[in-house]
Amino acid sequence: MTVETPIEMLQLPEQLRNRFAGKLPEAVSGTPQERERNFLSRALAAYAIHKLGGTELDVAAAAVVDGGGDGGIDAIFHSATTNTLWIAQAKFISTGRGEPDLGAVGKFKTGLENLMQGNFDAFRSNTLWNRMLPQIQSIFERGGLQIRAILVYTGINLVSEDRKRLFEDLKRRFSAESDYFDILVCNLTTVHDWLIGLDQGPGIPKAELTLMKPSWIREPYETIFGIIPLKEIAGLYVLHGKRLIAANIRAYKGRTEVNDQILETVREEPQHFFYLNNGLTAFCERLEVHNLDRANAEAKRITAYSLSIVNGAQTLGSLVNYFKELPEATPQGFAFLKIISLERCFDEREFAERITRSTNLQNQIGSRDFVALDEQQETIANQLKLTGVAYHYKTDVERPAPDETNFSLEDATTACACLDQHGDCDFCTRVLANRQSLWSMDEIYPPEELMRSRYTRVFRPDRSARTVWRAVQTQRLVIAIMQDSARAESGSRRTFFENARWLVLNLVFLKLRCENGAELTLSQEEKHQITRRTIEIAETLWRACEALGFITRRTDIQPGYDVYEQPRHFRSIFSAAADCQQLRAKALSLLAQTV
């Protein structure tokens, strides 16, 4: 069985080339594939130095020492700011699977030992190393130095215990009771996170605000709350955009009854805005209060690092719209703002999600909005980010229409529901009858089941972003064919094609498995197969309807009347799991006879 390449690998070679072409020399020996792999491994080492050492790309490229006599070390860089020596070994694994081999890791360990023992002669045969050695020797003679080794590779797998033990031995010998030496292991997932900016976290890096009439709580989690002028909070959004509310359940929804009321209050009675609005809630990684304002009860200047507003996106969006219409307006109104620091939280992600969920319960929030908090949704979006395909899983007035590079949570939900092949037809009938129930996180399945809610069964954790996107593409094609067929028919045939689409899609997935594939985009051949099979399956399902008595041909056909009659409407039939089970079984039996 062919093992698919992780989706994170698809754009990685291009991304590394874009950053380091012209900055790193090309290899001159070996096959074209070997030369490319050599370049990408060195680029990977430089990229790790750039991200972890906090240096520019040019400086990171200059830190590469890969070559004969390098002692298993591919790049080395000293950060004068933190007095940290960053030492990297990189392995570019083109399949995206596996880990660095034990011999290479052992060589890296030996190189680290030689460095930390002052055995610099071990590196003198390498020209690049030789040029750096005087500086490196000087660095080791200073006090306060920290050494951080980086093992970076493009395999999705974690490193095995035998590799870990090599580094644990180094820590025990050189840094048993201090943080002098440590090792950072970065696999493909980490590298992909760097590329899409996940290492920076949500929110904006730094915000400086002035809160009026503030209160300051220091325990257990530092929190400051007070009032802030409307124009100041709107200006923050204008400056930073959606990143400010990236951790929110949903973005700005645009014109709604509630948002219209917010706008009306700003226009007509801004002095009452504080009393009529719930205000905003935010969290940050760390809070600082200006030293001169610590005792000031009237106002406090604060600096919030990694600030995210998690409740109040509709208030923010409405304020921004108001100031767009009237940029010179200065309404004398205030909004309530509460900022919670996560600095002392044991599990800051879990607590941040609790804050987001709880502070949004007071608004009209549906299960669809809470789905946006699930890590699986973010994972799908992040895995696709570098491919040019955008997954929009949050409610947002600016969400583009679905097309060849954009799809929504609704698209993904219906496609993944129809991927389910349990045979009970529960999910594909819910797509037609009660789609929102597929987002339910209520645990309705037995305790021994790993996935106990409908939502976790629809968005299975083992289902990759590539699978989801290919399923959505298949779904779009099947629906288009069924819609065209419905337009070409009338009467009962028309209602059949309008309502049978989800069961047809389920059978197309079963027969073709087109959600599986190495490429992100369906090929023309795959599209041709889907088109042919969709028509075949739809007609077979119609025959199953006739065979089971869901539709009968009239014997007394009169001009202008439907040639078929139905005991029940097709919407009722295809919304009932029991009926669809019978139809599915009969259709599969008929399909087997045509092979």
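Heads up: the structure comes first, above all this text.
Attention in this report is confined to the structure presented alongside it. Think of each chain on its own: its residues are numbered from 1, step by step along the sequence as written. Only residues with pLDDT of at least 70 get local features here, since the model is predicted, and only at 80 or more are side-chain atom pairs given and counted; chain-wide, interface and lining totals rely on the full set of residues. Remark: hydrogens and water are excluded; side-chain values derive from all non-hydrogen atoms of the structure.

1. Some words on the packing of aromatic side chains
Side-chain rings of Phe, Tyr and Trp, where Trp is taken by its six-membered ring, are said to pair if the distance between their centres is within 6.5 Å; with planes under 30 degrees apart they count as stacked, over 60 as edge-to-face, and otherwise as tilted. On inspection of all chains with the given rule, the structure shows 17 aromatic pairs. A ring pair is formed by W542 and Y564, whose centres lie 5.0 Å apart and whose planes are at 85 degrees; its orientation type is edge-to-face. Linking W542 in helix α21 (residues 524–547) with Y564 in strand β14 (residues 564–565), this pair joins segments that are 22 residues apart in sequence. In terms of burial, W542 and Y564 fall into one category: buried. A centroid spacing of 6.1 Å and a plane angle of 50 degrees characterise the contact between W542 and F570, whose relative ring orientation is tilted. In this pair, W542 sits in helix α21 while F570 sits in helix α22 (residues 570–574), placing the two residues 28 residues apart along the sequence. For each residue, the accessible area found with a 1.4 Å probe, counting protein chains only, is set against the maximum for its type, and the residue is called buried under 20%, exposed over 50%, and partly exposed in between. The exposure class of W542 is buried, given its relative accessible area of 4%. An aromatic cluster of at least three residues, connected via ring pairs, comprises F496, F497, W542, Y564, F570 and F574. If you follow R493 out to its NZ or CZ, it ends over the ring of W542, 5.0 Å from the centre. Secondary structure elements follow DSSP: runs of H or I no shorter than four residues count as helices, runs of E no shorter than two count as strands, and numbering proceeds from the N terminus. Two conditions define a charge located above a ring, namely a distance within 6 Å from the ring centre to NZ of Lys or CZ of Arg, and an angle within 35 degrees of the ring normal.

2. Focus: the environment of R553
Secondary-structure assignment places R553 in strand β13 (residues 552–553). We call two residues contacting when some pair of their heavy atoms lies within 4.5 Å. Once you skip the residues sitting within four places of it in the chain, R553 turns out to touch V563 and Y564. Of the polar contacts made by the side chain of R553, one reaches the side chain of Y564; its length is 2.8 Å. For the purposes of these results, a polar contact is taken to be a pair of N or O atoms within 3.5 Å, where, inside protein, one atom must be able to donate a hydrogen and its partner to accept one; residues adjacent in sequence count only when each atom of the pair is a side-chain atom.

3. Thoughts on the side chain of N406
Note that N406 resides in strand β12 (residues 406–408). Given a relative accessible area of 12%, N406 falls into the buried group. A polar atom in the side chain of N406 sits 2.7 Å from the side chain of H392. Among residues more than four places away in sequence, those in contact with N406 are A390, H392, P400, A401 and R476.

Just geometry here; none of it tells us what the structure is for.
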